[in-house]
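# Architecture at a glance
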Amino acid sequence: MRERIKQLAGEFLQRCSRDMVSSRDLLARLSAGDTGVFKELEYLAHRISGTGASLGFESLSTRAAAIERLSEAQAGVVTADQNVADRLMEYITALEIDVDRLILLSGDD
């Protein structure tokens, strides 16, 4: 059972790494004025937060939850606030650093 959980954790971290690339793409779209990305960021962060918590990655879960809440609060906005975009960039960068650190610690690179 432990081996299976370790395998799932490794797969999750690799998916998170790919999700960070997607997050950067979404931020680029946001910079271009596409506020529809908030819903996509909310979904992506929700997935990371829930699975991270289930697998014991509390720091990832907490960071992703912050992205999820901030993105959710932007529902329906027509023009993105630069402060919100900057905060999302900070949160995503911190999450990405945490994912990379955990991948290195797990030896799954």
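Let me begin by describing the structure that accompanies this report. (Residues numbered from 1 in each chain as written. Predicted model: local features only at pLDDT ≥ 70, side-chain atom pairs only at ≥ 80, totals over all residues. Heavy atoms only, no water.)

### Observations concerning the packing of aromatic side chains
Here the distance between the centres and the angle between the planes together describe a pair of aromatic rings. Scanning the entire structure with this criterion turns up one aromatic pair. With 5.7 Å between their ring centres and 20 degrees between their planes, Phe12 and Phe57 make a pair best called stacked. In this pair, Phe12 sits in helix 1 (residues 2-31) while Phe57 sits in the loop between helix 2 (37-54) and helix 3 (58-72), placing the two residues 45 residues apart along the sequence. The residues Phe12 and Phe57 share a single accessibility class, namely buried. (Phe/Tyr/Trp six-rings, centres within 6.5 Å; stacked < 30°, edge-to-face > 60°. Helix = DSSP H or I, 4+ residues; strand = E, 2+ residues; numbered from the N terminus. Buried < 20%, exposed > 50% of the residue type's maximum accessible area, 1.4 Å probe, protein only.)

### Examining the packing of helix 1 against helix 2
Between helix 1 and helix 2, whose axes approach to 10 Å, the crossing angle comes to 160 degrees. When the interaxial angle is binned, helix 1 and helix 2 end up roughly antiparallel. The element helix 1 and its partner helix 2 pack so that their crossing is left-handed. For the pair helix 1 and helix 2, contact is made by Phe12, Arg15, Cys16, Asp19, Met20, Ser22, Ser23, Leu26, Arg29 and Leu30 and by Val37, Phe38, Glu40, Leu41, Leu44, Arg47, Ile48, Thr51 and Gly52, respectively. A per-class count over the contact of helix 1 with helix 2 returns 10 nonpolar, four polar and five charged. (Axes fitted to C-alpha atoms, helices over the stretch in contact; angles between N-to-C directions. Parallel < 35°, antiparallel > 145°, perpendicular 65-115°, else oblique. Left-handed = near helix turned anticlockwise from the far one by under 90°. Contact = heavy atoms within 4.5 Å. Nonpolar A, V, L, I, M, F, W, Y, C, P; charged D, E, K, R; others polar.)

### Observations regarding the environment of Ser22
Relative to the helices and strands, Ser22 is located in helix 1. On the accessibility criterion, Ser22 (31% relative accessible area) is partly exposed. Distance from Ser22 to Leu95, taken between C-alpha atoms, is 13 Å for residues 73 residues apart in sequence.

### A few points about the pattern of salt bridges
For side chains bearing opposite charge, pairing can occur when the charged atoms are close. Enumeration according to the criterion identifies eight salt bridges in this entry. For Asp98, the salt bridge is made with Arg63, and the minimal N-O distance between the two is 3.4 Å. In this pair, Asp98 is assigned in helix 4 (residues 82-106) and Arg63 in helix 3, connecting sequence segments 35 residues apart. Here the residues in one salt-bridge network are Arg15, Asp19 and Arg47, joined through shared partners. (Salt bridge = Lys/Arg side-chain N within 4 Å of Asp/Glu carboxyl O.)

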